[in-house]
Each structure stands twice: as C-alpha cells, then as structure tokens.
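Here is how the chains run, residue by residue.
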Amino acid sequence: YRGDTSRGAPEGLRIWGGVHEQPVPRGAMDTLTAVYLVRSAMTEGLDQVQFAMLDKTRIWDVSVELGDVREVETPAGFFRARPVGLETRRIDPGAEQESDDEEDSGEFAGPFGIKGNIELLLEVETGIPLVIRGELPLVLGDLEIDLRLESFTGTPSEFAPLQREDG
C-alpha cells in the first residue's frame, strides 16, 4: 500500500508518504472486490459470507448476512431487494499502533466513507445496489446519507423495476 497526503503539498502536486508493508490474510480483498463478492454470493443463493477485507492499511474481518426479500422504492422505480447486514471487526496486527494515515479513525467506513450503521439494499436477481444509508463524518458533525438509485443503463436483463398496477 502506498498512500499520499495533501498536508503541505503545493496545489496540483502530491507528496507521497512512505511505503507501508504488512502481512495480510490469504484471500483478503479490497472494498470494491468485496462488494462484487457479496453480489455474487447473493445471486448464487448464499445467505451468509465471511471474508477478510483491506481498507488502506486496515484489515477487517467482515461477516455479511442477507435479510429477507422486501419491496423498496427508489426514484428509478419499485424493486425487490434484500438488506445486507454487515458485521466488522478490525483484525490487522498494527491496529494498536499510531497510524500515519491522516484519515484513519480506527472506525469501519463503508462505501463513500459512510460509517456507523450502514444500511445496504441490493436488488434480488442481480445484487445491484438500490439504497445505501448511513452517516458521513464531517468536521462539525455527521451528515445522514440516503442514496437511492435514480436511473440505470447497461444493466443485466434481469434487472428491472416491478410492474405495479397502482402506478
């Protein structure tokens, strides 16, 4: 992992930090790959999956449990969705040490930096994210986030809003 910082960097330039090396569990994946793993598990009919995930210099033991199917409304339409329950535990050996990473609060952060109780709803057939809710940490406090699918193109043929009689 090689990170950078904006501290003291002239505008438009990047100051690279030192290289950070650490052992990682076999099969550990980055956060984007983890999203695809959960989507694949869901489309394969698995209700639970556990894996090690890398997030910058942090290593997490992630347990995912898929909830019951429910209908969810988004600006793009109504869909059948499953909630994704995330349980995380930091397992990296250097967790007790001071971090050089200026963004490392030691707290799990999900997609887009959302932290705390993250709610993620995936479409049943394809695992495409429909809703992401949580808190986004800001300087003066936390901002509640509620991201919902507004439109889509290039999706698999199985991905389509429900046909509703009432609208």
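Coordinates for the structure precede this section.
Since the structure is predicted, the reported quantities are computational estimates derived from the model, not experimental observations. (Residues numbered from 1 in each chain as written. Predicted model: local features only at pLDDT ≥ 70, side-chain atom pairs only at ≥ 80, totals over all residues. Heavy atoms only, no water.)

1. Observations regarding the pairing of strand β5 (residues 58–66)
Then, in step 1: The element β5 is extensively covered by neighbouring structure, given that seven of its nine residues are classed as buried.
Then, in step 2: Bridge analysis of strand β4 (residues 48–55) against β5 gives eight bridges, and the strand direction is antiparallel. Each bridged residue has a counterpart across the sheet, and for Asp55 the counterpart in β5 is Arg58.
Then, in step 3: From the end of β4 to the start of β5, which pair antiparallel, there are two residues, and Lys56 there has a positive phi angle of about 60°.
Then, in step 4: Strand direction decides the pairing type here: β5 and strand β7 (residues 77–90), joined by seven bridges, are antiparallel. Residue pairing in the sheet places Asp61 in a bridge with Arg89 of β7. (Buried < 20%, exposed > 50% of the residue type's maximum accessible area, 1.4 Å probe, protein only. Helix = DSSP H or I, 4+ residues; strand = E, 2+ residues; numbered from the N terminus. Pairing = 2+ DSSP bridges.)

2. Examining the packing of aromatic side chains
Then, in step 1: Following the criterion strictly, the structure yields three aromatic pairs and no others.
Then, in step 2: Look at Phe79 and Phe152: their rings are 6.3 Å apart centre to centre, the planes differ by 70°, and that puts the pair in the edge-to-face class. In this pair, Phe79 is assigned in strand β7 and Phe152 in the segment after β10 (141–148), connecting sequence segments 73 residues apart.
Then, in step 3: When its relative accessible area of 0% is taken as the criterion, Phe79 is described as buried.
Then, in step 4: In this structure Phe152 comes out as partly exposed when scored by relative accessible area, which is 29%.
Then, in step 5: Residues Phe152 and Phe159 carry aromatic rings whose centres are separated by 4.8 Å and whose planes lie at 85° to one another, so their mutual orientation is edge-to-face.
Then, in step 6: Three or more aromatic residues joined by ring pairs form one cluster here, namely Phe79, Phe152 and Phe159. (Phe/Tyr/Trp six-rings, centres within 6.5 Å; stacked < 30°, edge-to-face > 60°.)

3. Details of the pattern of salt bridges
Then, in step 1: What the rule picks out here adds up to seven salt bridges.
Then, in step 2: Ionic pairing is found between Asp47 and Arg82, a salt bridge with its closest N-O pair at 2.8 Å. In this pair, Asp47 sits in the loop between α1 (31–43) and β4 while Arg82 sits in strand β7, placing the two residues 35 residues apart along the sequence.
Then, in step 3: The shortest N-O distance in the salt bridge between Arg133 and Asp146 comes to 3.4 Å. Within this pair, whereas Arg133 is found in strand β9 (residues 129–138), its partner Asp146 is found in strand β10, the two being separated by 13 residues in sequence.
Then, in step 4: On the accessibility criterion, Arg133 (22% relative accessible area) is partly exposed.
Then, in step 5: Connected through salt bridges with shared partners, the residues Arg70, Glu119, Arg133, Asp146 and Arg148 form a single ionic network. (Salt bridge = Lys/Arg side-chain N within 4 Å of Asp/Glu carboxyl O.)

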